[in-house]
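Geometric and topological summary
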Amino acid sequence: MTNGHINPANVPDIALKDGHSIPQVGLGILRIDDEGVVPVVESALEAGYRHIDGAAGYNNEAGVGRALAASGYNTGAKRETLWVTAKLRDEGMARTLGVCNFMPADLKRLHEETGAWPAVNQIELHPTWQQREVVAFCKEHGIAVEAYSPMARGADLNAGDGTIEKIAAAHEVSPAQVILRWHIENGTIIIPKSVHADRQKENLNLFGFALTADEHAAIDALDGPTRAGHDPLTFTYA
């Protein structure tokens, strides 16, 4: 389902505290230029994606719009099946409010100042950087967790001295599918990025197998002290 509609890729929805629901698997489009993003979004929609994760700061929103228009997803009933995330100015256009890179202290401050918790918190999260304290805090307060860099930009594909690869071989799937399935079983929203149509399809094909309890625990045990991206406490675009 996607916002009450059947999802062609059978991707489950995650119910949010504001009454809306978000497809658990989306397409990340960071670092794709405005022209290049058009065929990427078009192929994703064709594959069955109904969740596109964008931002004004990615400088490709116009291209996303052109792709949606070309595919018929910019208006009407088809638009209602689609979830589009934006990180934007105060324009009053958002239906669901979320945050990115908020730690428990940030979330507490937001609640103290507004009286509300966000519906979603998008954070760096993957097998070698699981942020368990943040995830637990979010779950305690009904905040859905969304993972960007769900595979640590590819670094976690070889994590654990072959752990991921061994599990993949046992299920006859790819290491990427194993990691993404681990996220799915944790209830995490994920936005893997790929510009290739075949890989986009592979990243959606996560529902024909399940990890055993031992396999899931083995991936849990890969948690480590090093993030793949920037530290939100110190990073700035300025």
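Before reading on, note that the structure itself is shown above.
Cut-off values and rules
- Residues numbered from 1 in each chain as written.
- Predicted model: local features only at pLDDT ≥ 70, side-chain atom pairs only at ≥ 80, totals over all residues.
- Heavy atoms only, no water.
- Buried < 20%, exposed > 50% of the residue type's maximum accessible area, 1.4 Å probe, protein only.
- Helix = DSSP H or I, 4+ residues; strand = E, 2+ residues; numbered from the N terminus.
- Right-handed = clockwise from strand over helix to strand, strands pointing away.
- Pairing = 2+ DSSP bridges.
- Polar contact = N/O pair within 3.5 Å; in protein donor to acceptor, adjacent residues only side chain to side chain.
- Contact = heavy atoms within 4.5 Å.
- Disulfide = S-S within 2.5 Å.
- Core = buried A, V, L, I, M, F, W, Y, C linked by side-chain atoms within 4.5 Å.
- Axes fitted to C-alpha atoms, helices over the stretch in contact; angles between N-to-C directions.
- Phe/Tyr/Trp six-rings, centres within 6.5 Å; stacked < 30°, edge-to-face > 60°.

1. Observations regarding the pairing of strand S8 (residues 144-148)
In regular strands, side chains alternate between the two faces of the sheet. The buried count for S8 comes to five of five residues, which makes it a mostly enclosed element. Neither face of S8 is exposed, since Ala144, Glu146 and Tyr148 on one face and Val145 and Ala147 on the opposite face are all buried. Between the parallel pair strand S7 (residues 120-124) and S8, the chain is carried across by helix H5 (residues 132-140), and the sense of this crossover is right-handed. Summarising the sheet, S8 and strand S9 (residues 189-190) pair through two bridges and their orientation is parallel. Bridge assignment links Glu146 to a residue of S9, and that residue is Ile189.

2. Concerning the side chain of Arg227
Structurally, Arg227 is set in the segment after helix H9 (213-220). A distance of 3.3 Å separates polar atoms of two side chains, one belonging to Arg227 and the other to Glu124. Side-chain polar atoms of Arg227 contact the backbone oxygen of His230, separated by 3.4 Å. Apart from residues no more than four positions distant in its own chain, Arg227 is found in contact with Glu124, Trp129 and Pro232.

3. Topic: the state of the cysteines
By definition, a disulfide links the sulfur atoms of two cysteines through a covalent bond. Tallied over the full model, the rule gives zero disulfides. Summary of cysteine pairing: Cys100 is not part of a disulfide, and the nearest cysteine sulfur, belonging to Cys138, is at 12 Å. Since its relative accessible area comes to 30%, Cys100 is described here as partly exposed.

4. Considering the nonpolar core
Grouped together as the largest cluster of nonpolar side chains are 52 residues, with contacts concentrated most on Val25, Ile29, Val41, Val178 and Ile219. Of all the secondary structure elements, the ones that give two or more residues to this core are helix H1 (37-47), helix H2 (61-71), H5, S8, helix H6 (159-171) and helix H7 (175-186). In this structure, Ile14, Ile22, Trp83 and Ala144 belong to the second largest nonpolar core, which totals eight residues.

5. Let's talk about the sheet that holds S9
Taken together, the four strands give an open sheet; going across it, the order is S6-S7-S8-S9, and neighbouring strands pair in parallel fashion. The sheet is open, and its two borders are formed by strand S6 (98-100) and S9, each paired with just one other strand. Relative to the sheet, H5 contacts S7 and S8, its axis offset from that of S7 by approximately 170°.

6. Points about the packing of aromatic side chains
Under the criterion given, the structure shown has one aromatic pair. With a centroid separation of 5.8 Å and 70° between ring planes, the pair formed by Trp117 and Phe137 is classed as edge-to-face. With Trp117 in the loop between helix H4 (104-114) and S7 and Phe137 in helix H5, this residue pair connects regions lying 20 residues apart in the sequence. The class of Trp117 is partly exposed, set by a relative accessible area of 21%.

7. Regarding the environment of Glu61
With respect to the helices, strands and loops of the structure, Glu61 is situated in helix H2. Taking C-alpha positions, Glu61 is 34 Å from Asp223, a pair spaced 162 residues apart along the chain. Setting aside residues up to four positions removed in sequence, Glu61 forms contacts with Asp34, Ala55, Ala56, Ala86 and Arg89. A polar atom in the side chain of Glu61 sits 3.3 Å from the backbone nitrogen of Ala56.

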